[in-house]
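# Remarks on the overall topology
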Amino acid sequence: MSSLATKTHPLLNNLPPFLTWRALGFRTICSGRLGFAPCEPAPPTPAPSVAGTKVLETFKEEFEIGSRLITLETGKIARFANGAVVLGMDETKVDYQEKQFAQGVIPNTYMRREGAPKERELLVGRIIDRPIRPLFPAGFYHEVQVMASVLSSDGKQDPDVMAANATSAALMLSDIPWGGPIGMIRIGRICGQFIVNPTMDELSLSDLNLVYACTREKTLMIDVQAREISEKDLEAGLRLAHPEAVKYLEPQIRLAEKAGKQKKEYKLSMISEQTLEKVSNLAEAHIEAVFTDPSYSKFERGEALDKIGQDVKKALEEECDEESLQVLPKAVDTVRKRVIRKRIIAEGVRVDGRQLDEVRPIYCESGNLPILHGSSLFSRGDTQVLCTVTLGAPAEAQRLESLVGPPTKRFMLHYSFPPFCINEVGKRVGLNRREVGHGTLAEKALLAVLPPENDFPYTVRVNSEVMASDGSTSMATVCGGSMALMDAGIPLQEHVAGVSVGLVSEVDPSTGEIKDYRILTDILGLEDHLGDMDFKIAGTRIGVTAIQLDIKPAGIPLDIICECLEHAHKGRLQILDHMEREISAPRTQDDRNSPRLATLKYDNDTLRRLIGPLGALKRKIEEETGGRISVSDGTLTVVAKNRSVMEKVLEKVDFIIGREIEVGGIYKGVVTSVKEYGAFVEFNGGQQGLLHVSELSHEPVSRVSDVVSVGQQLSLRCIGQDVRGNIKLSLKAVSPRPGTDVKGVVEGSVPVNKQATDVWASVGDVSNGQNPELPMRKNETPGVNSSTSSTPAVLIRSAAECDEEEKASGFSQSSKSTLKSTLASKSNSKPKKSTSQSDFFSSTNIQKSTSFSQREREKLAECLFGTEDGDEDNKGTRAEAIVSAKNLKLGTKVAAKVYQVRAHGLVLDLGGGIRGMYRFENNEKKDFVVGDELLVKCSSFTGKGIPVVSLVDS
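The structure presented is a predicted model; accordingly, all values stated were derived computationally and were not measured. (Residues numbered from 1 in each chain as written. Predicted model: local features only at pLDDT ≥ 70, side-chain atom pairs only at ≥ 80, totals over all residues. Heavy atoms only, no water.)

## Focus on the overall build of the chain
Along the backbone of the chain there are 22 helices and 34 strands. Looking at the 954 residues of the chain, the share that counts as buried comes to 49%. (Helix = DSSP H or I, 4+ residues; strand = E, 2+ residues; numbered from the N terminus. Buried < 20%, exposed > 50% of the residue type's maximum accessible area, 1.4 Å probe, protein only.)

This is how it looks when you write it as structure tokens:
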């Protein structure tokens, strides 16, 4: 112990003796500490102390709105903030940044954490900011930051409205001067019935999404997305929303009385009456002269006003009035505001000389960029917007990672406000909150008239580039976007137009009530800046599709807001008249530039072969052709910007995996080998067919190599198949006859009535109501389900596979005997005719121009008739004998009865309960009736084993 004391405090070695005298009651010095010791032995060392429990004083308010229980709580978290509130509704709590932990998910980003604010977070930030900003006192320029975070979300309620109410409660608790509280509510409508605080599921069925914020007596903010709701119904929704939103106010006031802080006294930046009077005397007359001259353009007016400001500054500098110089810009702006508002209320005349309800001159042009899918140019006064439309594949829809709402968005509108549109210099940075807000407003306005996704599966992107701005560019974007969509051939239900309505009011200083006011239609940028509100309303002739209200004073009576709806409707109709004169229906595009979409059905194994390892083959096709490919379960979707690109993509797809081969279809292939009797061609994903010498040209061909060579690419028509399943191709069928004019055939195409894919030729076709139907395939009849497999209905074999198939396809010894006996029995009832093997090929349907060599033809004849020195009774018979349907094989001929007559072919009864199919050829007479007997030959089988037959001449 002493050594410890020495090491700890060396000076303790020199302590006086009395300090260690226990008789005086001093305790032994230990660890450098000195104290009195008890007379009795020291008790045992006490146990270590345990941390106590901290008590957080919390305050809570509960109330009910609609059918939802709302809670406001403070005191538990963020105790260092000026004010902090947790607002809860059901299982959702808002303390607004959306973080994925609120729904129990790890972010799907590279860093696995939240990054820059997403588009939705910026929009919710605007929803919070717009109603609270007007309630800060005039001259309060201190920075105030509101942080709102979603703590937990059950996915049932959109947290944006809750975040705004929580923000109001936090400001009420803080020491910041603010004129709240506010209440915000959401209203929906299903089947004509309004719903307060609808869930996300209810909103998906609602034709109205109304967000309304107010004080006890006045409206602060409105945000609406609707499906052409009438102004009358919208007014009813607004009048329902106000009393429901007011229910949020009393709980906030009670909570502030319990736990609120004393409001601080902040220095306000105000203009003295003396300074304002001096600036007014110097500038008012000159400003009034500028505002009363309607000949000024936007920039001429701005330059004149700036010169007035410079003249006032010089006068104040001569007087050395430093106080007035410090607030000169605000003072001059105040004088401008006073002059223009006084003139509008007193005379009813606006800055540019228009009447209060007059819309500026309009210029509309659609299709101004013909190479694009859709484009338009819209000008209203000096405001000008260029809109373009781009169509893409369904897989190009935007993926969303919001806590609530759909996971993807197929319609996007991107609004851009470059610096040159207001004659300024600046650099473009990331997402701008203003640009996102204006773009979303226009997007909501147009979304209501888009066709359903089932009818129009494209992903649509509208780009709005503001070319010049003098007020209301977002509403110009709505007008230009609507025209561009119609120019792209998209079947919109109606044109959508938008207009901004402004307000200039005269307020009683003693009471703060509005004494007089004027409503302005289609406001200028200057009228927006100097007026009381910017009320943007978009819609069709039928009703409203989107609304956004922003105000500057601390609220506007709801009666005035509802009155503005009618003014906006009249202005909207004037704009729609101009738009409809330019383009009134979806345009039918030129095939060269119109976008194309094709949907093909394959099995998943085939699609994997097309995609390739890690999607490498798919990406290569997209890079080489410029088209877009998307794959879902059993479906391949191809989107191309025009016809030529679509043909390139389908050619690549056909070459890799092929499509169902149909008689009459035209395919591109590559010559793989040249024989004396023709050439073998590889086409349709590695399949092989025979181009016989007789099908090379309309003129006689002595040598095949004179016409085609190995490696040459050809466009060929499928003209049928032989009894072994080999595909017969023809070059002369796609070549014009000498001396004839062929208007004919597009390479790589298949006749429309036989096309196996669902191809949207152009958006214009869809807009005219001609929805594409999936044509019946070659091996299909109505009522018979076809396989979606990529296995062709026509069986295709290479030359090397022919001999193997001959052994397995029924030309065995047993088949020979069956055929011989059947033919022999037939010969007893018919006159005998000597028929050699060579006569057989000339007299039957199997022509010498088939894909068989001479040896193969001899072998087939032996199978049917025996050798030349064989059974004499079999000679002279024909190959059209009837055999049992149970022994049905390729090339077998049977007697069949017509079971059903369909539009595209016949369903035949082959006997033994077996049904076969026969499809009408081009220009074939269709005078068949049920019960007719036909002699047919089995030419192929479908993927499900259904026989496909062809007629045999009697």
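## Focus: the confidence of the model for the chain
Any residue range with low pLDDT should be treated as having predicted coordinates unsuitable for detailed reading. Here the chain averages 77 in pLDDT, while 75% of its residues score no lower than 70. When pLDDT is averaged over each element of the chain, strand 8 (residues 208-214) comes out on top at 97 and helix 21 (residues 837-843) at the bottom at 34. pLDDT under 50 marks residues 1-12. Its contacts with residues more than four places away, or in other chains, come to nine contacts. Note on residues 742-886: pLDDT under 50 across the span, and 246 contacts to partners over four residues away in sequence or across chains. (pLDDT = per-residue confidence, 0-100. Contact = heavy atoms within 4.5 Å.)

## Notes on the packing of helix 7 (residues 273-291) against helix 10 (residues 328-347)
Running from N to C, helix 7 and helix 10 cross one another at 50°; their axes reach a closest spacing of 9 Å. What the angle tells us is that helix 7 and helix 10 run oblique. Of the two possible hands of crossing, helix 7 and helix 10 adopt the one that is right-handed. For the pair helix 7 and helix 10, contact is made by L276, V279, S280, E284, I287, E288 and F291 and by L328, A331, V332, T334, V335, R336, R338, V339, I340 and R343, respectively. Its residues assigned to classes, the contact of helix 7 with helix 10 shows 10 nonpolar, two polar and five charged. (Axes fitted to C-alpha atoms, helices over the stretch in contact; angles between N-to-C directions. Parallel < 35°, antiparallel > 145°, perpendicular 65-115°, else oblique. Left-handed = near helix turned anticlockwise from the far one by under 90°. Nonpolar A, V, L, I, M, F, W, Y, C, P; charged D, E, K, R; others polar.)

## Concerning helix 17 (residues 643-656)
The end-to-end C-alpha distance of helix 17, which contains 14 residues, comes to 20 Å, matching closely the 20 Å that a straight helix rising 1.5 Å per residue would cover. Against strand 21 (596-601), helix 15 (604-611), helix 16 (616-625), strand 22 (628-632) and strand 23 (635-640) lie the buried residues of helix 17. Positive backbone phi, at 75°, marks G658, one or two positions downstream of helix 17. (Expected span 1.5 Å × (residues − 1).)

## A closer look at the side chain of R341
Take R341: it is sitting in helix 10. Given a relative accessible area of 13%, R341 falls into the buried group. Setting aside residues no more than four positions away along its own chain, R341 makes contact with V504, S505, L530, G531 and D532.

## Concerning the side chain of S469
With respect to the element layout, S469 can be found in the loop between strand 16 (459-468) and helix 12 (473-487). Taking relative accessible area as the criterion, S469 reaches 10% and is therefore assigned buried. Those residues in contact with S469 that sit more than four places away from it in its chain are K298, D382, T383, F417, C421 and I422.

## Examining the environment of T215
Relative to the helices and strands, T215 is located in the loop between strand 8 and strand 9 (219-229). Discounting residues that sit within four places of it in the chain, T215 has contacts with L135, P181, L220, H242, V246 and L249.

## Some thoughts on unusual backbone geometry
Looking along the chain, the bond that leaves G180 and enters P181 is cis, with omega of 10°. Within the secondary structure, P181 sits in the loop between helix 3 (159-173) and strand 6 (183-190). Of note in this structure, E228 is not a glycine but carries a positive phi near 55°. With respect to the helices and strands, the residue E228 is situated in strand 9. The phi torsion at L614 lies on the positive side, around 55°, for a residue other than glycine. Along the chain, L614 turns up in the loop between helix 15 and helix 16. Residue class for L614 comes out exposed when judged on its relative accessible area of 81%.

## Considering the pairing of strand 23
Burial analysis of strand 23 places six of its six residues in the buried class, the great majority of the element. A two-sided burial pattern is seen for strand 23, the buried positions comprising T635, T637 and V639 on one face and L636, V638 and A640 on the other. Here six bridges tie strand 21 to strand 23, and the two strands are oriented antiparallel to one another. If you follow L597 over to strand 23, its bridge partner there is V639. Hairpin remark: strand 22 followed by strand 23, antiparallel, with two residues in the connecting loop; positive phi at G634, about 75°. (Pairing = 2+ DSSP bridges.)

## Observations regarding the pattern of salt bridges
All chains considered together, the criterion is met by 46 salt bridges. A salt bridge links R541 to E580, with the shortest nitrogen-to-oxygen separation between them at 3.0 Å. Residue R541 is found in the loop between strand 19 (533-539) and strand 20 (544-551), and its partner E580 is found in helix 14 (residues 558-582); the two are separated by 39 residues along the sequence. Accessibility expressed as a relative area gives 32% for R541, which makes it partly exposed. Taken together, the shared-partner salt bridges connect R350, D352, R354, R360, R380, D522 and E527 into one network. (Salt bridge = Lys/Arg side-chain N within 4 Å of Asp/Glu carboxyl O.)

## A few points about the sheet that holds strand 25 (residues 678-683)
The strand order 24-25-26-28-27 describes a closed barrel built from five strands, whose pairing is mixed. Here the strands of the sheet are splayed against their neighbours by 55° on average, with no regard to which way each runs. Sheet topology places strand 24 (residues 666-675) next to strand 27 (residues 713-721); five bridges connect them, and they run antiparallel. Across the sheet, K668 pairs through a bridge with S715, a residue of strand 27.

## Here's the deal with the pairing of strand 1 (residues 59-65)
Looking at chain direction, strand 1 and strand 2 (residues 68-74) are connected through seven bridges and run antiparallel. Among the inter-strand pairings, F59 is bridged to a residue of strand 2, identified as T74. Counting the residues between successive antiparallel strands, the hairpin from strand 1 to strand 2 contains two residues, one of them, G66, with a positive phi of roughly 65°.

## Details of the nonpolar core
Residues V460, L485, I490, M533 and F535 are the most contacted members of the largest nonpolar core, which totals 107 residues. Examining the composition of this core, we find that 10 residues originate from one element, helix 14, more than from any other. Excluding residues that lie within four positions of it along the chain, L485 makes contacts with V389, F411, L446, L450, V460, V462, I490 and L492. By size, the runner-up hydrophobic cluster in this structure holds 27 residues, among which are A283, V290, L328 and L524. (Core = buried A, V, L, I, M, F, W, Y, C linked by side-chain atoms within 4.5 Å.)

## Here's the deal with the state of the cysteines
Here the structure, examined in full by the defined rule, presents zero disulfides. This cysteine, C479, is not joined by any disulfide, and C364 carries the nearest cysteine sulfur, 7.4 Å off. (Disulfide = S-S within 2.5 Å.)

## Structural notes on the packing of aromatic side chains
Taken as a whole and judged by the stated rule, the model has eight aromatic pairs. Aromatic pair F63 and Y248: ring centres 5.5 Å apart, planes at 85°, arrangement edge-to-face. Here Y248 falls in the buried class, since its relative accessible area comes to 1%. Between F140 and Y266 the ring centres are 5.5 Å apart and the planes differ by 85°, which places this aromatic pair in the edge-to-face class. Placement of the pair is F140 in the loop between helix 2 (119-132) and strand 5 (150-152) and Y266 in the loop between helix 6 (249-259) and helix 7, with a sequence separation of 126 residues. Exposure remark for F140: the relative accessible area of 10% places this residue in the buried category. You can call Y266 partly exposed: its relative accessible area is 25%. (Phe/Tyr/Trp six-rings, centres within 6.5 Å; stacked < 30°, edge-to-face > 60°.)

## Concerning the sheet that holds strand 16
With mixed pairing, the five strands of this open sheet are ordered in space as 10-11-12-16-15. Two strands in the sheet have a free side with no partner beyond their single neighbour: strand 10 (362-366) and strand 15 (411-416). In this sheet, neighbouring strand axes are inclined to one another by 15° on average, regardless of whether the strands run parallel or antiparallel. For strand 11 (residues 374-380) and strand 12 (residues 383-392), the ladder comprises seven bridges, and the chain directions are antiparallel. Following the sheet pairing, G374 is matched in strand 12 by V389. Along the sheet face, helix 14 touches strand 10 and strand 11 and points at about 30° away from the line of strand 10.

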